[in-house]
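# Coordinate analysis (summary)
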Amino acid sequence: MTFTKTTETDSRYDNLEHMSTSELLININTEDKTVPLAVEKALPQIEKLIELIVLKMKKGGRLFYMGAGTSGRLGVVDASECPPTFGVSKDLVVGIIAGGDKAIRDAVEFAEDSTNQGWNDLKSHNITSDDVVIGIAASGTTPYVIAALEACNANAITTGCITCNAGSPLAQTALYPIEVVVGPEFVTGSSRMKAGTAQKLVLNMISTASMIKMGHVKGNKMVDMQLSNDKLVDRGTKMIANHLKIDYNEANRLLTAHGSVRKAIENYAHK
């Protein structure tokens, strides 16, 4: 297969080292503004994958993100935010990065080139056909991710992907591809920039919309969030006070008694 990696074509800008700080920022910002428009074009693809994820989760399935480098780190970040934000198990949305947890902070040499480790990593989580696996790769050519998705397809496991090049091997492998074509980066080939932003926006959509569809948001509030610090306890107390039209102290008492915003509201309503 031959295709053009637009993420690695020459930047529209040159002589960057001679630009003032103001010029650098204005030009980076100009490029960044194009990213949401590229995401918008992929909304139908994103919708199809989310609907399937929700269907699988309602049957007890899980969501896995897989990637290398920046793409892998973005998947890990999105997965790790689901338990505190939505009160779900840490095993419901799982981020896997080539090279393991060490690769979250440090580059692991040649980890992304393995064609068997990705599937081994998935098997360590007892992956089944109830689950969904999303490969994340800006280039769409990462062997670790592509080979893992090929193995998933062979084992009747639903696959999706997020990539920033049209017609990539990864998109051809995934059953539900998401292609967000952002074009050349400001610094040629630095796909942590526009491509990374695009991937983060799509991941935000996938996890947030899925969790809403799974019932973890009421109105517009995170009623199942974990109360893991004083700030979140205060936020939860205010949610209860505003929803039930009671004073702050009474709301805090309810939150302390029931341990979650949802339970506090439901038990008050059923008194």
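Right above here is the structure, for reference.
Anyway, here's the lowdown on the structure attached to this text. Please read all numbers here as calculations on a predicted model, not as lab measurements. (Residues numbered from 1 in each chain as written. Predicted model: local features only at pLDDT ≥ 70, side-chain atom pairs only at ≥ 80, totals over all residues. Heavy atoms only, no water.)

The next point concerns the overall build of the protein chain. When you go through the protein chain residue by residue, the secondary structure sums to 11 helices and 5 strands. Judged by the C-alpha coordinates and their principal axes, the protein chain covers about 65 × 50 × 35 Å. Here the protein chain, with 271 residues, has 46% of them falling under the buried criterion. Within the protein chain, contacts between residues separated by at least 24 positions form 68% of all contacts whose residues are at least 6 apart in sequence. Here the protein chain displays about 13600 Å² of accessible surface, and carbon together with sulfur accounts for 50% of that area. Put simply, the protein chain has 28 plus and 30 minus side-chain charges, and the middle of one group is 9 Å from the middle of the other. (Helix = DSSP H or I, 4+ residues; strand = E, 2+ residues; numbered from the N terminus. Buried < 20%, exposed > 50% of the residue type's maximum accessible area, 1.4 Å probe, protein only. Contact = heavy atoms within 4.5 Å. Areas by Shrake-Rupley, 256 points an atom, 1.4 Å probe, with all protein chains shown as cover. Lys, Arg positive; Asp, Glu negative; His and termini not counted. Charge placed at Lys NZ, Arg CZ, Asp CG, Glu CD.)

Here Asp-131 is to be found in the loop between α5 (117-123) and β3 (132-136). Side-chain polar atoms of Asp-131 contact the side chain of Arg-62, separated by 2.8 Å. In this structure the side chain of Asp-131 is engaged in a polar contact, spanning 3.0 Å, whose partner is the backbone nitrogen of Thr-128. Aside from chain neighbours lying at most four places away, what touches Asp-131 is Gly-61, Arg-62, Phe-64, Asn-126, Ile-157 and Thr-158. (Polar contact = N/O pair within 3.5 Å; in protein donor to acceptor, adjacent residues only side chain to side chain.)

Axis separation between helix α9 (residues 230-244) and helix α10 (residues 248-258) bottoms out at 8 Å; the angle between their running directions is 115 degrees. By the angle class used here, α9 and α10 are roughly perpendicular. Relative to α10, the crossing made by α9 is right-handed. Residues Val-233, Asp-234, Gly-236, Thr-237, Lys-238, Ile-240, Ala-241 and Leu-244 of α9 lie in contact with α10, whose contacting residues are Tyr-248, Ala-251, Asn-252, Leu-254 and Leu-255. In terms of residue class, the contact of α9 with α10 is made up of 8 nonpolar, 3 polar and 2 charged. (Axes fitted to C-alpha atoms, helices over the stretch in contact; angles between N-to-C directions. Parallel < 35°, antiparallel > 145°, perpendicular 65-115°, else oblique. Left-handed = near helix turned anticlockwise from the far one by under 90°. Nonpolar A, V, L, I, M, F, W, Y, C, P; charged D, E, K, R; others polar.)

Applying the stated rule across the entire model yields 8 salt bridges. Between Arg-12 and Glu-31 there is a salt bridge; the shortest N-O distance is 2.8 Å. With a gap of 19 residues between them, Arg-12 in the segment before α1 (21-32) and Glu-31 in helix α1 connect regions that are remote in the sequence. Classification of Arg-12 as exposed rests on a relative accessible area of 55%. Residue classification places Glu-31 among the buried positions, given a relative accessible area of 5%. One salt bridge in this structure joins Arg-62 and Asp-131, with 2.8 Å as the shortest N-O distance. Of this pair, Arg-62 sits in the loop between α3 (43-58) and β1 (63-67) while Asp-131 is found in the loop between α5 and β3, placing the two residues 69 residues apart along the sequence. Asp-131 gets classed as buried once you look at its relative accessible area, which sits at 1%. A cluster of three or more residues bridged by salt bridges with shared partners is formed by Arg-12, Glu-31 and Lys-194. (Salt bridge = Lys/Arg side-chain N within 4 Å of Asp/Glu carboxyl O.)

On to the sheet that holds strand β5 (residues 176-179), then. With parallel pairing, the 5 strands of this open sheet are ordered in space as β2-β1-β3-β4-β5. Of all the strands in the sheet, the pair left with one neighbour each is β2 (93-97) and β5. If you compare each strand with its neighbour and ignore which way they point, the axes differ by 15 degrees on average. Alignment of strand β4 (residues 158-163) against β5, held across 4 bridges, turns out to be parallel. When the sheet's bridge partners are listed, Cys-161 is paired in β5 with Pro-177. Strands β1, β2, β3, β4 and β5 of the sheet are contacted by α3, whose axis makes an angle of about 140 degrees with β5. (Pairing = 2+ DSSP bridges.)

Before going further, it helps to spend a moment on the pairing of β4. Burial analysis of β4 places 6 of its 6 residues in the buried class, which makes it a mostly covered element. Here β4 shows no split at all, with Thr-158, Gly-160 and Ile-162 on one side and Thr-159, Cys-161 and Thr-163 on the other all buried. As paired strands, β3 and β4 are joined by 5 bridges and run parallel to one another. Across the sheet, Val-132 pairs through a bridge with Thr-158, a residue of β4.

Right, let's get into helix α6 (residues 143-154). Along its 12 residues, α6 runs 16 Å from first to last C-alpha, staying within 8% of the 16 Å computed at 1.5 Å per residue. Buried residues of α6: Tyr-144, Val-145, Ile-146, Ala-147, Ala-148, Leu-149, Ala-151 and Cys-152, and no others. (Expected span 1.5 Å × (residues − 1).)

This brings us to the packing of helix α4 (residues 69-86) against helix α8 (residues 194-213). Where α4 contacts α8, the axes come no closer than 10 Å and their chain directions differ by 30 degrees. Our classification of the angle between α4 and α8 gives roughly parallel. Remark: the crossing between α4 and α8 carries right-handed chirality. Residues Ser-71, Leu-74, Gly-75, Asp-78, Cys-82 and Phe-86 of α4 lie in contact with α8, whose contacting residues are Gly-196, Gln-199, Lys-200, Leu-203, Asn-204, Ser-207, Thr-208 and Met-211. Broken down by class, the residue content of the contact of α4 with α8 amounts to 5 nonpolar, 7 polar and 2 charged.

Turning next to unusual backbone geometry. Negative phi is the rule for most residues except glycine; trans is the rule for most peptide bonds. Located in the positive-phi region is Asn-15, a residue other than glycine, with phi close to 55 degrees. In this fold, Asn-15 is placed in the segment before α1. Accessibility expressed as a relative area gives 44% for Asn-15, which makes it partly exposed.

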